[in-house]
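Listed here are the chains, written in short residue letters.
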Amino acid sequence: MGSVSRRTVMGGIAAASAASLAEAHSPAGDEPRRYLRHQVFFWLKNPGSIQDRDKLIAGLRKLRAIAEIKELRIGVPAETEARPVVDNSFAVSELMLFESKEAQLAYQLHPLHKAFVAECEPLWSKVVVYDSMDV
């Protein structure tokens, strides 16, 4: 088997990156898709409870079954440097992408979302939601 040149490897990386970027564009390829971004931050009633945090994360993962959600990311605070503009006081965050306001509303009314709230609401003391549209 011959050796692989750096140029071949870099070309493969560039091709993969281009393919990934193409997915974020409309079928015509000239306009990026515009998503509604639904970002939610949760603070736990028991801030140090890993069990409560993990139960909340498990509840969020169940929401992936809702077809209107185009992407779902779940996170915990990153261990980045302390700066006055960084708020890492939350326990869990989630980011969802929707294709429209109507899709986000359908998610809000979906039985799985309602079940998530009923099951997990006792775990949190505070929730902050930021909804924004891509420009």
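Scroll up to find the structure this text is about.
Residues numbered from 1 in each chain as written. Predicted model: local features only at pLDDT ≥ 70, side-chain atom pairs only at ≥ 80, totals over all residues. Heavy atoms only, no water.

Undergrad: So what exactly am I meant to see when it comes to the nonpolar core here?
TA: As a rule of thumb, nonpolar side chains are buried together in soluble globular proteins. Ranked by internal contacts, the top residues of the largest apolar core, which has 21 residues, are Phe42, Leu56, Leu63, Ile69 and Phe116. Broken down by secondary-structure element, the contributors of at least two residues to this core are β1 (36–44), α2 (50–62), β3 (92–98), α3 (101–109) and α4 (111–120). The dominant element in this core, judged by the number of residues it contributes, is β1, at four residues. Ignoring sequence-local partners within four residues, the contact set of leucine 63 consists of Ile69, Leu72, Met96, Tyr107, Leu112, His113 and Phe116. (Core = buried A, V, L, I, M, F, W, Y, C linked by side-chain atoms within 4.5 Å. Buried < 20%, exposed > 50% of the residue type's maximum accessible area, 1.4 Å probe, protein only. Helix = DSSP H or I, 4+ residues; strand = E, 2+ residues; numbered from the N terminus. Contact = heavy atoms within 4.5 Å.)

Undergrad: What should I look at first to understand the sheet that holds strand β2 (residues 71–75) in this one?
TA: Paired through backbone hydrogen bonds, the strands of a sheet run either parallel or antiparallel to each other. Spatially, the four strands line up as an open sheet ordered β2-β3-β1-β4, and their pairing is antiparallel. Since the sheet does not close on itself, it has two edges, and those belong to β2 and β4 (124–133), each with one partner. Going from strand to strand, the sheet's axes swing by 15° on average, the running direction of each strand aside. Pairing of β2 with β3 involves five bridges; the strand directions are antiparallel. Considered in β3, the bridge of leucine 72 is made with methionine 96. (Pairing = 2+ DSSP bridges. Axes fitted to C-alpha atoms, helices over the stretch in contact; angles between N-to-C directions.)

Function cannot be inferred from these measures alone, as they are strictly geometric.
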